[in-house]
Amino acid sequence: MTNIESPQWKELADIKDELAVRDWFMGTSGNLSIRITEQPVAFLVTASGKDKRKRTSEDFLLVNGQGEKAEATHLKPSAETLLHCEIYNRTSAGCSLHVHTVANNVISELYGDQGSITFQGQELIKAFDYWEEDAALTIPIIKNDADIPTLAESFSRFVNEDSGAVLIRNHGITVWGKNALEAKKRLEAAEFLFQYHLTLQSLRTSPSVIQRTTY
Ligand SMILES: CSC[C@@H](O)[C@@H](O)C(=O)COP(=O)(O)O
Ligand SMILES: [Zn+2]
């Protein structure tokens, strides 16, 4: 039985609390999951529509590789469970985190037509295991389809490794990793890169900065 006492439940609940402190679950958005078994696939996923800032004994439920409930419960799995299924069915990842932030939404809109955003010359791309000096991290951006099976299908094209990140345009980001710590590290690093990029862009286009640099 995967309940509130299980180590995976506690690990995911702790991550949920940390992301809540960052205010990354606005308007009940966001969903999180952690793998329980590899074969057959089973994972804990957040219950749909909850206020994810609160810690309760009904925060997660167990689902199978098709996203169906794997235990008797009145809880409804996240509306976006199928995206988590793609990750656990296609890779050996252990954890997947999805959040909506202003920065990830703005970046996804600015670079949506381009289909991706690339970061280079940034120390924090090392959080994605890019260690060479000229390495570049590219995060794909997909269309936000309201039909979740269609969204899951376009998302799946970028799910080939045990860790990764995909932006969904004007929606949010999904990041996954071999374990919960790796997924969280990458989620935080991505948010740092988005905020840095937007801050730099707005300073570069601010009249006061342009004025100062012409002195
Ligand atoms: C309430 S707006 C956000 C939802 O539409 C969805 O994108 C989301 O992230 C949360 O849905 P949920 O079903 O609670 O997992
Ligand atoms: Zn979402």
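Residues numbered from 1 in each chain as written. Chains lettered and ligands numbered in written order. Predicted model: local features only at pLDDT ≥ 70, side-chain atom pairs only at ≥ 80, totals over all residues. Heavy atoms only, no water.

Draft legend 1. The sheet that holds strand β4 (residues 95-99), seen in detail. Taken together, eight strands build an open sheet; the order of strands is β3-β2-β1-β4-β8-β7-β6-β5 and the sheet is mixed. Either end of the sheet is taken by a strand with one partner, and the two such strands are β3 (60-64) and β5 (116-120). Going from strand to strand, the sheet's axes swing by 20° on average, the running direction of each strand aside. Of the pairings in the sheet, the one linking β5 to strand β6 (residues 136-142) comprises five bridges and is antiparallel in character. Counted as the bridge partner of I117 is I139 from β6. Sheet strands in contact with helix α1 (residues 7-21) are β1 (31-37), β2 (42-46), β3 and β4, and its direction is about 165° off that of β1. Sheet contacts for helix α4 (residues 148-156): β6, β7 (164-168) and β8 (172-177); angle to β6, the most-contacted strand, approximately 160°. (Pairing = 2+ DSSP bridges. Helix = DSSP H or I, 4+ residues; strand = E, 2+ residues; numbered from the N terminus. Axes fitted to C-alpha atoms, helices over the stretch in contact; angles between N-to-C directions. Contact = heavy atoms within 4.5 Å.)

Draft legend 2. How the structure looks around the coordination of the zinc ion (ligand 2). Summarising the metal site, the zinc ion (ligand 2) is bound by the protein donors E80 (OE), H98 (NE2), H100 (NE2) and H171 (NE2), whose distances to it range over 2.0 to 2.6 Å. Seen from the zinc ion (ligand 2), its six donor atoms lie at angles of 73 to 170°, and the figure they make is octahedral. (Donors = N, O, S within 2.8 Å, 3.2 Å for Na, K, Ca; no water. Tetrahedral: all angles 85-135°; square planar, octahedral: opposite > 155°, others 65-115°.)

Draft legend 3. Main features of the UniProt feature "binding site: Zn(2+)" (unreviewed entry) in the protein chain. Under the local residue numbering, the UniProt record ascribes the feature "binding site: Zn(2+)" (unreviewed entry) to H98 and H100. Its place among the elements puts H98 in strand β4. For H98, a relative accessible area of 1% translates into the label buried. Side chain to side chain, H98 and H100 meet in a polar contact 3.1 Å long. On the secondary structure map, H100 appears in the loop between β4 and α3 (102-110). Excluding residues that lie within four positions of it along the chain, H100 makes contacts with W24, S29, G30, N105, H171 and G172. (UniProt positions renumbered as here; feature names shortened; annotations may be inferred. Buried < 20%, exposed > 50% of the residue type's maximum accessible area, 1.4 Å probe, protein only. Polar contact = N/O pair within 3.5 Å; in protein donor to acceptor, adjacent residues only side chain to side chain.)

Draft legend 4. Quick look at the pairing of β4. Within β4, five of the five residues are buried, leaving the element largely enclosed by the surrounding structure. Side chains C95, L97 and V99 of β4 all project onto a buried face; the interleaved residues S96 and H98 project onto the opposite face, where all are buried too. Where β1 and β4 come together, four bridges link them in antiparallel fashion. Within β4, the position partnered with N31 by the bridge is H98. Pairing between β4 and β8: five bridges, direction antiparallel. Within the sheet, the bridge partner assigned to S96 lies in β8 and is W176.

Draft legend 5. Seen up close, a nonpolar patch on the surface. Residues V102, V106 and L110 make up a contiguous nonpolar surface patch of roughly 270 Å² in combined accessible area. As for its position among the elements, V102 is in helix α3. A relative accessible area of 63% places V102 in the exposed class. (Patch = residues over 30% accessible without salt bridge, like charges linked within 9 Å, V, L, I, M, F, W, Y side chains within 5 Å. Areas by Shrake-Rupley, 256 points an atom, 1.4 Å probe, with all protein chains shown as cover. Salt bridge = Lys/Arg side-chain N within 4 Å of Asp/Glu carboxyl O.)

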